Amino acid sequence: MTTLIQVLVSGLAIGGVYALIAMSFSITFTTTKTLNFAQGEFVAVGAFLGVTMLYVLARMGGGEVSFASLPPAASAGLNYPAAALVAGLVLGALGLLLFAVAVRPFAGKAGMNWVMSTIGFGIIVQSLGLAVWGPAPVNVPSPFGDDVIRVAGAGIRPQEILILVVAVLLMLGLDRVMRGTRIGKAMRAVAANPQAASLMGINVAAMMLGAYALSSLLAGIGGLLVAPIASASLFLGMGIALKAFSGAIVGGLDNPRGCIAGGFALGLLESGVALWSAEWREIVIFLLIIVVLAVRPNGLFGARSLDKV
Amino acid sequence: MTVPSIAPFRSADVPALEVEDVSLAYGPIAAVSGVSLSVPRGAVVAIVGANGAGKTTLLKAICGLMPVASGRIRFEGRDITAMPAHRRVTAGIALSPEGRQVFPDQSVADNLELGAYARGLSAEAMAAAMEEQFAFFPRLKERRNQAAVTLSGGEQQMLAISRALMAGPRLLLLDEPSLGLAPLVINDIFRAIARLRDGGMTILLVEQMANLALAIADTAYVLETGRVTLSGRGQDLLRDPQIRSAYLGSGH
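Being a predicted model, the structure only gives us computed values, none of them experimental.

Here is what the cut-offs are and how they apply
- Residues numbered from 1 in each chain as written.
- Chains lettered and ligands numbered in written order.
- Predicted model: local features only at pLDDT ≥ 70, side-chain atom pairs only at ≥ 80, totals over all residues.
- Core = buried A, V, L, I, M, F, W, Y, C linked by C-beta atoms within 7 Å.
- Buried ≥ 20, exposed ≤ 12 C-beta atoms within 10 Å, placed from the backbone.
- Contact = placed C-beta atoms within 7 Å.
- Helix = DSSP H or I, 4+ residues; strand = E, 2+ residues; numbered from the N terminus.
- Expected span 1.5 Å × (residues − 1).
- Arc of directions from axis to C-beta.
- Axes fitted to C-alpha atoms, helices over the stretch in contact; angles between N-to-C directions.
- Parallel < 35°, antiparallel > 145°, perpendicular 65-115°, else oblique.
- Left-handed = near helix turned anticlockwise from the far one by under 90°.
- Nonpolar A, V, L, I, M, F, W, Y, C, P; charged D, E, K, R; others polar.
- pLDDT = per-residue confidence, 0-100.
- Pairing = 2+ DSSP bridges.

Asker: How do you make sense of the nonpolar core when you look at a structure like this?
Answerer: Generally speaking, a soluble globular protein has its nonpolar side chains buried in company with each other. By size, the foremost hydrophobic cluster in this structure holds 177 residues, and its most contacted members are Ile21(A), Leu173(B) and Ala213(B). Other than its neighbours up to four places away in sequence, Ala213(B) contacts Ala46(B), Val48(B), Leu205(B), Glu207(B) and Ala220(B).

Asker: I keep staring at helix α4 (residues 123–136) of chain B and nothing clicks. Help me out?
Answerer: All names here are of chain B. End to end, α4 covers 20 Å across 14 residues, agreeing with the expected 20 Å (1.5 Å per residue, within 8%). Among all positions in α4, only Ala-129, Met-130 and Gln-133 are buried. With its buried residues spanning 100° around the axis, α4 presents them on a single face. Those residues of α4 that are exposed and angled more than 90 degrees off the buried face are Glu-124, Ala-128, Glu-131 and Ala-135. At its buried positions, α4 is contacted by α3 (108–115), α5 (138–142) and α6 (153–165).

Asker: Would you mind going over helix α4 (residues 113–133) of chain A with me for this structure?
Answerer: Residue pairs three or four apart in sequence face the same way in an α-helix, which turns once every 3.6 residues. Residues and elements named next belong to chain A. The end-to-end C-alpha distance of α4, which contains 21 residues, comes to 30 Å, matching closely the 30 Å that a straight helix rising 1.5 Å per residue would cover. Within α4, the full set of buried residues consists of Trp-114, Ser-117, Thr-118, Phe-121, Gly-122, Val-125, Gln-126 and Trp-133. Against α2 (39–60) and α3 (79–103) lie the buried residues of α4. Positive backbone phi, at 80°, marks Gly-134, one or two positions downstream of α4.

Asker: Please explain the packing of helix α9 (residues 236–251) of chain A against helix α10 (residues 256–276) of chain A as it appears in this structure.
Answerer: A pair of packed helices is characterised by two quantities: the angle between their axes and the separation of those axes. Residues and elements named next belong to chain A. Where α9 contacts α10, the axes come no closer than 7 Å and their chain directions differ by 125°. Judged by the angle between their axes, α9 and α10 are oblique. In the crossing of α9 with α10, the sense of the turn from one axis to the other is right-handed. Residues Lys-243, Ala-244, Ser-246, Gly-247, Ala-248, Val-250 and Gly-251 of α9 form the contact with α10, whose participating residues are Gly-258, Cys-259, Ala-261, Gly-262, Gly-263, Ala-265 and Leu-266.

Asker: What should I look at first to understand the interface of chain A and chain B in this one?
Answerer: It is common to give the size of an interface as the accessible area lost on bringing the parts into contact. Each partner contributes residues to the interface: chain A has 15 residues there, and chain B has 20 residues. Of all elements in the fold, only α6 (182–192) and α7 (194–198) of chain A reach the threshold of two or more residues within the side of chain A that touches chain B. Along the lines of polarity and charge, the residues of the side of chain A that touches chain B split into eight nonpolar, five polar and two charged.

Asker: What is the right way to look at the confidence of the model for chain A in this model?
Answerer: It should be kept in mind that the predicted coordinates are not to be read in detail where pLDDT is low. When the pLDDT values of chain A are averaged, the result is 91; 98% of them are 70 or greater. Low pLDDT, under 50, characterises residues 305–309 of chain A; the stretch is placed with four contacts to residues that sit more than four places away or in other chains.

Asker: For this particular structure, what's the right way to read the sheet that holds strand β8 (residues 203–207) of chain B?
Answerer: Two modes of strand pairing occur in sheets, parallel and antiparallel, and in both the strands are linked by backbone hydrogen bonds. Residue and element names in this part refer to chain B. Pairing within the open sheet is mixed, and its six strands lie in the order β6-β7-β8-β3-β9-β10. Looking at the sheet topology across the chains shown, the edges are occupied by β6 (93–96) and β10 (227–233). Taken pair by pair, the neighbouring strands of this sheet meet at an average axis angle of 15°, ignoring direction. Note that β6 and strand β7 (residues 171–175) share four bridges and pair parallel. Note on β7: the bridge partner recorded for Ser-96 is Leu-174. Across the face of the sheet, helix α7 (residues 183–198) comes into contact with β3 (44–48), β7 and β8 while running at roughly 160° to β8.

Encoded structure:
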C-alpha cells in the first residue's frame, strides 16, 4: 500500500510534466505539422530563467544568497508564481523567434529541414545558457518547502503535489479554451484544414505563430515546475523532452488529450518500473513504446498517419 | 433569408468581380491561361467545363488561396490581386469550397461560428445570423450540436454554403456544390442557390453539371484546358448545340 501510494504520487507528478510537454508538442504539430526539437533546451532554459528570477527577488529582499543553492524563503509567497510567469513569457517570446527563424522558412515544404533547424536553435540556446549560468546543477527550493510529508507511510514531496495540480489545471484550462472559445475553435480549424481556415478569415500564419508561443510558454513553466524535484542543470530538459515526446507518440501526436494520457502513462510506468529496478527503467519503457507503436502505428488515440509530416 | 448588407455605393456599372487576363500555373504546368471574366452585382455567373479545365484553380485565385502568375483581380473596383486569403473574407468574398471541407471534429454550430470568425459579432448577432441559416437549411438546426463529420454529404454541402454565408459576403463563390451528391439532394441544393439569387446575392458558380448551372445562371463561361472558349447568356448556352454535345450528353 505504502509503495503503491509512493509510485502513484511520484509517477503522476513526473507524468504531469511529461503530459504538459507532450501537449506542447501536440500544439505545434497539429497546427503547423512541425515539432520543436529544441523543446528540451526550452524546458531547461525556462527552469534557469525562473531560478534567476527567484534569485533576483531574493536579492531585492535583502541579504546574501547563493544562486546555486537558494534558501527556501526565495520561493515563498508570490516569488515562485512570479518566476513561473517570467519564465513562461520569456520562453513564449523565444518560441516566436524560433518559429520566425527556424520553422517558418521550412514549414509546409518538402523535406525535414525544420528538424535540423530547431535542433540547431536548441543547441544555440543551450550554449548561450551555459555561457550565462554554467553547467553545474542548482538547488531550487519548492514554494511549499522541501520537507517530505508522510501519507500512510509513503514519503511525498509538496512539489510533487504542486506539479500535478498546476499541470492538470493548465491542461484543463487549455482544453476549455480549445473547445469553448473563438480563438480555440479557430486554432482547431487551422489544425484540421489550414486552407479552409483561411477561407473563414482566420489569419493562419498568426495562429501558427501563436501555437509556437503557447508551446514554448508551456515548456518554460514546465521547466520551473520540475526544477525543485530534479537535478536542475541546463541538461535537465533533454530527458524530459524525450519522455514527453514518447508519451505524445504513444498517445497520438495529433490528439492533445491522447498526448496527456500518454504523458501520465509514461510517468506512472517509469515510477513503477524504477521501484523494481532502476537500471531496467529506460529499457522497459522504450521496449513498451516500440511494442505499442508496432501494434498501433498512430499511437493509442491518434488518427492521422505520421508519415504525412 | 434577408439580403446581406449592400456594398458602399461606388458606381452602378462597377461589377462585383472582374478577372482580367489571369494566368495560373502549378510549377511549370499552366492550369489557367489568360482568363477574363466579369460578375455583375446581383448576377449569377457560372463557369462550366470538364474535370481539370481549371475551374477550381481559378476560384482559388479569386479567394487568395493561390497566387496568380499574371493578370489582375478586382473586387468592387478594388485591386485585390495581392491581398491574402483571410483579408478577402473581410473584404466580402466567401467560398464554399470543392469537397465541402467542413471542420470534421467541430459541431455544426461551431462550423457556422467559424464562418463568421472575421466579423467579430456579439453573441446576440451571432445567434441571429445562425438562426437565419437554420431558417435557410432547417436540417442544419436539427444537427446543430453534431460533429460535422457525422453529417451526410448533402448536409455537409448545406453546412459549407451556410458557413460561407455566415461571413456576410457580397460575393459568394460556390465550387462544385453538386459533387458526390444524389440527384434529389442536388435538386435541394440548387433550389437553395436559386433562393439566394432571388434574394439578390451575387454568385459565381463553378459546376461540372452544366445543365443545372446554365439553367440558373444569368451568364456563363465555358472553360476548356484553362481557356475561356465560349461565353454568353446561360439560357442561350443551354440551347447551343455545341455545348449540348460536349457537356449535356447522355451522362447528364
